[in-house]
Every structure is written in structure tokens, then in C-alpha cells.
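Understanding the architecture of this molecule
Chain by chain, the residues:
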Amino acid sequence: MVTLLPVPDIAIIVVAAGSGTRLDAGAPKALVGIDAHSILRHALDGVFAAAPAQVIVVAPAGYEGDALAELEAAAGDRRDLGRVVTGGATRQQSVAAGLAALWGDVTTVLVHDAARALTPPTQIDAVAQAVVPGEGVIPVLPVVDTLKKVADGAVVSAVDRSELAAAQTPQGFPRAELEAAYEAAMADGIEYTDDAALFAAAGNRVRHIDGSARAFKITTPGDLERARHLLDASTPAARPASIEPAGIPRVGIGTDVHAFGGDGNLWLAGLEWPGEQPLSGHSDGDAVAHAIVDALLGAAGLGDIGEHFGTSHPEYSGAHADVFLARTRELLAESGFAIGNVSVQLQGNRPRFSPRRQEAEAVLSEILGAPVSVTATTTDGLGFPGRGEGIAVTAIAAVVVADVPRSM
Ligand code: CTP
Ligand code: MG
């Protein structure tokens, strides 16, 4: 069956057209490498890990092809969401070029600096969700340093930092008001320090939400070092290749519980069970599949099901086991892991599992490309599975390092 994905009503304009004079790395800043990947690629990885949105990359003139390659690498199977446009001489002109490429269905626009390469996807989602008609939203951090007003080498006065905040991106706005504000600013020839200032100058309100330290802007060589450090610090924790003897598997555990509820047929262990009461949940409620996903992600140190498939990923609502498990297998492969085997046990009174055990094991093993065994038990009438209120599942998985990870 071909599923037509909904056209998003959010767009993210990623401005990457600056030259990076302060970084002074011999190339436009966005194309400078942090590790094996450029600043732009890291920024786009964050953008594509957030809820689906139209993604407009504003590239330096003459570097559109490089920007497109980064976009394609980050977008994966959502290449349909992205396009590249050419930037202008100032950041404001670059944003205007991005605005000209918005799809008709877009009602909320986020403007994001590529230079904030490590911005958490949760910050992008939080800004998008906080935008309401007539009001813009920016992420901010409290100012921690003591501030002084200075002139000609002298301290003129103190500044009350409790009244101040440091602005980050993405900054989110209702589309119509942002477009009108940009038209006015461009007509007046005024350059504003950021999109929120431009938006406010047109008489609109801007609210703030909490930003995060990881969303800092890479401006100087010291900032680039900080970004490298942060990536180095996170990667070996997930993949301690240097202390991981070759051939010894890593194991992970996953559990899931779903209550019976809702309409339709039960989906469990990758199979549809006609006539059985369904389990309720964000997806199809297949607790066996969900426990397996957590076991596999846990074994590989790749986070958990909420991070990769949770409610901030509406594209997975209603998805069945094949979608979750195939994507999980892909995530592991991308990080150099092969699946050894998976063992699952479910506790519940219904459905009677043994008549379809082999069928379920065959389906799950086929999707994961590794043996999956499923056992089932009742709980002697005890607890919620015993009372027939729901199902509890435990899975363990073994994974092995298949490839030498790319050095960071
Ligand atoms: N930007 C842009 N078009 C411009 C100038 C800036 O798209 N004409 C983008 C940058 O690529 C960056 C963001 O706006 O992602 C924030 O700008 P900044 O950090 O100042 O980057 P640069 O202008 O490239 O750096 P510098 O000011 O040091 O030259
Ligand atoms: Mg600049």
C-alpha cells in the first residue's frame, strides 16, 4: 500500500550563507567540518530528527551543490521535504530568500542558524509547538556573566542581568505576520540583529522559552573546538570501541506494557489478530515490537524508542511492527552494529499465543534479519496481565560490532 504523507504546515529555514569571517577557516563556515561531518550537516541532522517540516537551506552563492549534497545526506528518505536556495549579502537577505521558497501549506516558519549545529531536535520541536497566531517564540539562555556598560576604557555602570537573556535559534513565527514584517523591513532598508527584533519592530509580540547550552553558535575557532569536544564526549560513550573487545556481544533489555482498549483488531508480535481486543498506544500498541526496539537500541547505546519514534514523530502514529523494526535495524546498521538474536517473553491471558508462535517468529526474524524467539506465559491470575487488563513484554537482544566505526 502506498501511503501519502501529509504536507507539513511547518517550515524550517536554515540560513547557511554566511562567509564565516570570524572562524576564518578558508571556506564558508557552514561547510567547515566539525568531525567527519560539516557544520551544515550536523545542523540538518538535528532538523530532520525533529517533527517533519519543509526544510529550506539557504546556501552561499556558488556552494549550492555542496549544500544540496549535505541536505540529501541528512534527509534520508525525506528528501522530498528539502530544497536549497541561494543566500544574500546579509543574514536578513538570506532569510528573505528562504521565505520566498515557502510552500503554500506552511503556516509556521522557523528560522535557524546552521552555525548552531548541535541544537537539540527537542528545542526545534519546542519552538514550533509554542508558536501561536500573532506571536513569535525564541529560545533563550539566562545571562550568567556579570555585565558592565563600558566606554573609553572605563566602567560606566552595572547592568542588571536578571532583565537580560541571550537569544538562540530556531526562532519561530506565524507565517503571515513574518512575511509582512520582512516586507516592511526590506522596504525600509533597515537591518535588524535577528528575526525576533524585525518581527517585533512590525508591532508583534515575541515570547521566550528555555534554550539549551548545546544550541550555542559556532562563531570563532574556540567555538569549533567546543563543538568537537562535545561530539567526542558523546560518541565514545555510545560506542566505546577502544574498550570493546572484538567479538564480544553487547546485550540490551527492553520492556513494554500496553492496556487493552480502542477499536479494531489486535496487533501483536508483528501479526494482526482478528477478533482479539486491540492494545491502546501512540502506534498500534504492539508491545512485543516496542520491547524489541528498546532492547536493540539499548544494546547499541543508541537511546530509546521515545527518542526515535515518540510522539514528536507523528509519522509513526498507527505504524506497525515492520516499520519500527526495519528502522531500528537501519539505525543499528548505520552505527556499525549487526543483530545477533532477540528473545522475547510476553505475559498475558490473551491472545492464546502458541498456535501462532512460529508465524510470529518468522515475521519478526525476517524483518530484523536475525533470529527472534517469542515465548508467552500467564501469571496465574495475578497482577494486571492476570486480570486481563493488558500485556507486559520483556525482550533481550544481543548485538555485535559489524564495522569499525568511523573515527571521530
Ligand atoms: N548567514 C547567512 N547569510 C549571510 C550571513 C549569515 O545565511 N549573508 C547565516 C550564517 O551562515 C549563520 C547565521 O546566519 O548560519 C548566523 O550568522 P554568523 O554566525 O554571523 O555567520 P557568518 O556571517 O558566516 O560569520 P561571520 O559573521 O563571522 O562572518
Ligand atoms: Mg555574520
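As the structure is a computational prediction, the values presented were derived from the model and not from experiment. (Residues numbered from 1 in each chain as written. Chains lettered and ligands numbered in written order. Predicted model: local features only at pLDDT ≥ 70, side-chain atom pairs only at ≥ 80, totals over all residues. Heavy atoms only, no water.)

A separate point is the sheet that holds strand β16 (residues 390-401). As summarised here, the arrangement of the four strands in space is β11-β16-β14-β15, forming an open sheet in which the pairing is mixed. If you trace the sheet from one side to the other, it starts and ends with β11 (250-259) and β15 (372-377), each paired once. Across the sheet, the mean angle from the axis of one strand to that of its neighbour is 15 degrees, orientation sign disregarded. Where β11 lies against β16, ten bridges are found, and the strand directions are antiparallel. From the neighbouring strand, V257 faces β16, where its bridge partner is A392. Seen against the sheet, helix α11 (residues 357-368) touches β14 (337-347) and β15 and runs at an angle of roughly 145 degrees to β15. (Pairing = 2+ DSSP bridges. Helix = DSSP H or I, 4+ residues; strand = E, 2+ residues; numbered from the N terminus. Axes fitted to C-alpha atoms, helices over the stretch in contact; angles between N-to-C directions. Contact = heavy atoms within 4.5 Å.)

In total, this model carries three aromatic pairs according to the counting rule given. Stacked on the ring of F216, the Lys or Arg R226 has its end atom at 3.9 Å from the ring centre. (Phe/Tyr/Trp six-rings, centres within 6.5 Å; stacked < 30°, edge-to-face > 60°. Lys NZ or Arg CZ within 6 Å of the ring centre and 35° of its normal.)

So, about the confidence of the model for the chain. Taken over all residues, the pLDDT of the chain has a mean of 91, while the share at 70 or more is 94%. This model gives residues 404-408 a pLDDT under 50, and the stretch forms seven contacts once residues within four places in sequence are excluded. (pLDDT = per-residue confidence, 0-100.)

Here we come to the environment of G104. When you line up the elements, G104 lands in the loop between α3 (91-99) and β4 (108-113). Classification of G104 by relative accessible area gives exposed; the value is 70%. Expressed as a C-alpha distance, the spacing of G104 and A180, which sit 76 residues apart in the sequence, is 16 Å. (Buried < 20%, exposed > 50% of the residue type's maximum accessible area, 1.4 Å probe, protein only.)

Let's shift gears to the pattern of salt bridges. Summed over the entire model, instances satisfying the criterion amount to 14 salt bridges. Measuring nitrogen to oxygen at the nearest pair gives 2.5 Å for the salt bridge that ties R207 to E135. Placement of the pair is R207 in strand β10 (residues 205-210) and E135 in strand β5 (residues 135-142), with a sequence separation of 72 residues. Across the pair E330 and R327 runs a salt bridge whose closest N-O atoms are separated by 2.5 Å. In this pair, E330 and R327 both sit in helix α10 (residues 321-334), three residues apart, roughly one turn of the helix. (Salt bridge = Lys/Arg side-chain N within 4 Å of Asp/Glu carboxyl O.)

Following the criterion strictly, the structure yields one cavity of 30 Å³ or more and no others. Lining the largest cavity are I10, I12, A50, A51, A53, L110, I124, D125 and A128. Elements represented by at least two residues in the lining of the largest cavity include exactly β1 (10-15) and α4 (121-130). Among the elements that take part in the lining of the largest cavity, α4 stands out by supplying three residues, more than any other. (1 Å grid on protein atoms, 1.4 Å probe; cavity = no way out; pocket = protein on both sides within 12 Å on 5 of 7 lines; lining within 4 Å. Points joined across faces, edges and corners; volume = space filled by probe spheres on them.)

One broad trend across soluble globular proteins is that nonpolar side chains are buried collectively. Judged by nonpolar contacts, the single largest core of 46 residues is most densely connected at V288, I292, L296, L332, V342 and V344. No other element matches helix α8 (residues 287-300), which puts eleven residues into this core. Residues within four places of L296 in sequence aside, it is in contact with T328, L332, I339, V342, L368, A397 and V399. (Core = buried A, V, L, I, M, F, W, Y, C linked by side-chain atoms within 4.5 Å.)

So, about the site of ligand 1. Around ligand 1 lies a shell of 18 residues, among which V15, T21, K29, S94 and K217 are the nearest. Contacts to ligand 1 include G88, whose backbone N or O atom sits 3.0 Å from a nitrogen atom. Take K217: an N or O atom from its side chain is 2.7 Å from an oxygen atom of ligand 1. About the coverage of ligand 1: the protein hides 88% of its 560 Å² of free accessible area. Here the shell around ligand 1 is composed, by residue class, of six nonpolar, seven polar and five charged. (Near = heavy atom within 4 Å. Polar contact = N/O pair within 3.5 Å; in protein donor to acceptor, adjacent residues only side chain to side chain. Areas by Shrake-Rupley, 256 points an atom, 1.4 Å probe, with all protein chains shown as cover. Nonpolar A, V, L, I, M, F, W, Y, C, P; charged D, E, K, R; others polar.)

Attention now moves to α11. For α11, spanning twelve residues, the distance from its first C-alpha to its last is 16 Å, which sits close to the expected 16 Å at 1.5 Å a residue. Among the residues of α11, A360, E361, L364, S365, I367 and L368 are the ones counted as buried. The buried side chains of α11 occupy one side of the element, clustering within an arc of 160 degrees when seen end-on. Exposed positions of α11 whose direction lies more than 90 degrees from the buried face are Q358 and E366. The elements touched by buried residues of α11 are β13 (271-273), α8, α10, β14 and β15. Looking one or two residues past α11, G369 carries a phi angle of roughly 65 degrees, positive in sign. (Expected span 1.5 Å × (residues − 1). Arc of directions from axis to C-beta.)

By volume, the second largest pocket amounts to about 600 Å³. Around the second largest pocket, the lining is made up of 29 residues, and of these G18, K29, R91, D113 and K217 lie nearest the centre. Here the lining of the second largest pocket is built from residues that sort into nine nonpolar, twelve polar and eight charged.

What follows deals with the packing of α3 against helix α5 (residues 175-188). When two helices pack together, their arrangement is given by the angle between their axes and by how far apart the axes lie. For the pair α3 and α5, the least separation of the axes is 11 Å and the interaxial angle reads 135 degrees. Classed by the angle they form, the pair α3 and α5 counts as oblique. Of the two possible hands of crossing, α3 and α5 adopt the one that is left-handed. Residues Q92, Q93, V95, A96 and L99 of α3 touch α5, and the partners they reach there are L178, E179, Y182, A185 and M186. Looking at the contact of α3 with α5 residue by residue, the classes come out as seven nonpolar, two polar and one charged. (Parallel < 35°, antiparallel > 145°, perpendicular 65-115°, else oblique. Left-handed = near helix turned anticlockwise from the far one by under 90°.)

Contact pair α10 / α11: the axes reach a minimum separation of 8 Å and the direction vectors enclose 35 degrees. Where α10 abuts α11, its residues D322, L325, A326 and R329 lie against L364, E366, I367 and L368. For the contact of α10 with α11, a count of residues per class yields five nonpolar, no polar and three charged.

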